[in-house]
Amino acid sequence: MSLPQLHLASGRHKRLEAGHPWVFSNEIKSGKEPGPRDGPRDGLRDGPRDEEEGRDAGAPEGGALVALRRADGKSLGVGLYHPHSLIAVRLLSGASRDVTLDQAFFVERIAAAHKRRERALGKDQTEPPAGVRVVHGESDGLPGVVVDRYGEVLVVQVACLGMEQRREVLYDALEEVFSPRAIVERNDTVWRTQEGLDERVGVVRGEVVSEVVLVEHGLRYGVDVLEGQKTGWFLDQRDHRLAIRPYAEGSRVLDLCCYQGGFTCNALAAGARSVRAVDVSERGLARVVANAAANDLERGLTIQKDDVMALAGGGPPGGDPFDLVVLDPPNFTRNRKGVPRARKAYRKLNEAALRWLAPGGVLATASCSHHIYEDTFLEIVQSAAARAGRSLRVLYRGYQPADHPVLLAMPETRYLKFYLVQLV
Ligand SMILES: C[S@@+](CC[C@H](N)C(=O)[O-])C[C@H]1O[C@@H](n2cnc3c(N)ncnc32)[C@H](O)[C@@H]1O
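Residues numbered from 1 in each chain as written. Predicted model: local features only at pLDDT ≥ 70, side-chain atom pairs only at ≥ 80, totals over all residues.

### Structural notes on the overall build of the protein chain
Okay, step 1: The number of helices and strands found in the protein chain is 12 helices and 19 strands.
Okay, step 2: Compactness check: the protein chain gives a C-alpha radius of gyration of 23 Å against a globular reference of 22 Å for 424 residues, within 12% of the reference.
Okay, step 3: Along the first, second and third principal axes, the C-alpha set of the protein chain runs to 70 × 50 × 35 Å.
Okay, step 4: The burial tally for the protein chain puts 44% of its 424 residues in the buried class. (Helix = DSSP H or I, 4+ residues; strand = E, 2+ residues; numbered from the N terminus. Rg over C-alpha atoms; globule rule 2.2 N^0.38 Å. Buried ≥ 20, exposed ≤ 12 C-beta atoms within 10 Å, placed from the backbone.)

### Here's the deal with helix α12 (residues 374-388)
Okay, step 1: In this model α12 runs 21 Å from its N-terminal to its C-terminal C-alpha over 15 residues, within 8% of the 21 Å that 1.5 Å per residue would give.
Okay, step 2: Next to the buried residues of α12 lie α11 (339-355), β17 (357-367), β18 (392-399) and β19 (417-423).
Okay, step 3: The first or second residue beyond α12 is glycine 389, which carries a positive phi of 70°. (Expected span 1.5 Å × (residues − 1). Contact = placed C-beta atoms within 7 Å.)

### Digging into the domain arrangement of the protein chain
It is common to give the size of an interface as the accessible area that goes away when the parts come together.
Okay, step 1: Assigned domains within the protein chain: domain 1 (5-91), domain 2 (103-212) and domain 3 (234-423).
Okay, step 2: Contacts between the two partners involve 10 residues from domain 1, matched on the other side by 11 residues from domain 2.
Okay, step 3: Partitioning the side of domain 1 that touches domain 2 into residue classes produces 4 nonpolar, 5 polar and 1 charged. (Domains from an automatic or database assignment. Nonpolar A, V, L, I, M, F, W, Y, C, P; charged D, E, K, R; others polar.)

### So, the sheet that holds strand β2 (residues 22-24)
Each strand in a sheet pairs with its neighbour through backbone hydrogen bonds, running either in the same direction (parallel) or in the opposite one (antiparallel).
Okay, step 1: One open sheet accounts for 5 strands, arranged β1-β3-β4-β5-β2; its pairing is mixed. Of all strands in the sheet, those bounded by a partner on one side alone are β1 (5-7) and β2. On average, each strand axis in the sheet is tilted by 35° relative to the strand beside it, whichever way the strands run.
Okay, step 2: Here β2 pairs with strand β5 (residues 87-91) via 3 bridges, running antiparallel. Each bridged residue has a counterpart across the sheet, and for valine 23 the counterpart in β5 is valine 89. (Pairing = 2+ DSSP bridges. Axes fitted to C-alpha atoms, helices over the stretch in contact; angles between N-to-C directions.)

### Quick word on unusual backbone geometry
Most peptide bonds are trans, and most residues other than glycine sit at a negative phi.
Okay, step 1: Positive phi, normally seen in glycine, also occurs at serine 179, with a value near 40°.
Okay, step 2: Here cysteine 257, not a glycine, exhibits a phi torsion of approximately 65°, which is positive.
Okay, step 3: Inspection of the secondary structure assignment puts cysteine 257 in the loop between β13 (252-256) and α8 (262-269).

If you want it as structure tokens, here you go:
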């Protein structure tokens, strides 16, 4: 069956030929050639283009598979189309491959992604119940699809219309590859609104589950897959929770934006003298206490419900300086427009954290916004240090782990930065 054809405006194919899988709505061939201000658009928040003019005759339905071509007619591959999203096409294949979006297609991509995790993280991913991101969207050839595996339970997030329309086939394929005890939908991400998709959360296959147990670095955590943030746990900080341990031993530790206490429990397990865990989320803090108790680590733990931005103007929480501060704030910007505000917020928090350190103290600082590039983040931390009158040495630089792979041609997939810096 021949697919509807979409042509790019002239000169717009270079990024795609280099391996970036998105076509922005203003890059599709139109009656008029794009003007100088029509660059590739950034950030889904900017909203879709209003007018529909310029599509090839007989524009395809939303979610349809389309054959994408350069302005000169050369094939660029097959992708999923959205007529109203800023991302008009999400490519599924290179120029030379046809795609049929059936169960076999999904099984092939999921099985390949799973194999990559087994190689990187070891085969033993269910016993004890480890948490692994088995599908990381575009980086695994499944645009808009995230699948986190907690032992025998899979938690799925779908963030694009084309995949939403095929979600039952996706679930069939996940059952074929993993034979899970349950599949849970966490379709409540902000990205869905921009694709015109509604919110849906619940168990879609298998047993009814809400809480699962996760074991990470020998510590047990209860994870609420229905109501926790993201899919229930921040799997991407796994390696960094281990990286803080040597600096936590015997230390007074402050864990800012602690969520359910991943860093807190690792600090306590490493022999921290005390840990103060701060977050705005009451639910998160209740879980910090439960998780510490589940690992027999309550001694020395204090929780504090607070807004870290408000704390940042004052002295160290609790009054005394810390030997280790962990700062893992939420994503401060989802688009390029928000970068200046995000920079200020990161700087303010990093400056406060550095002021609260005792001599020789260590700051573990993270940014999960892809719009804050690595160089920018280093610059922010350095500028915070200058304002705090501190000088820093970098002890460790970390990024997202192997189960959150980066597509080199797609900066949007490269988001997590994490440094350990020490007062000189
Ligand atoms: C990236 S998550 C932290 C993940 C956590 N460090 C871990 O290892 O699982 C960001 C956390 O910041 C919290 N948060 C967001 N805004 C906050 C604020 N203004 N003050 C304190 N906590 C905040 C959220 O509730 C969330 O738990």
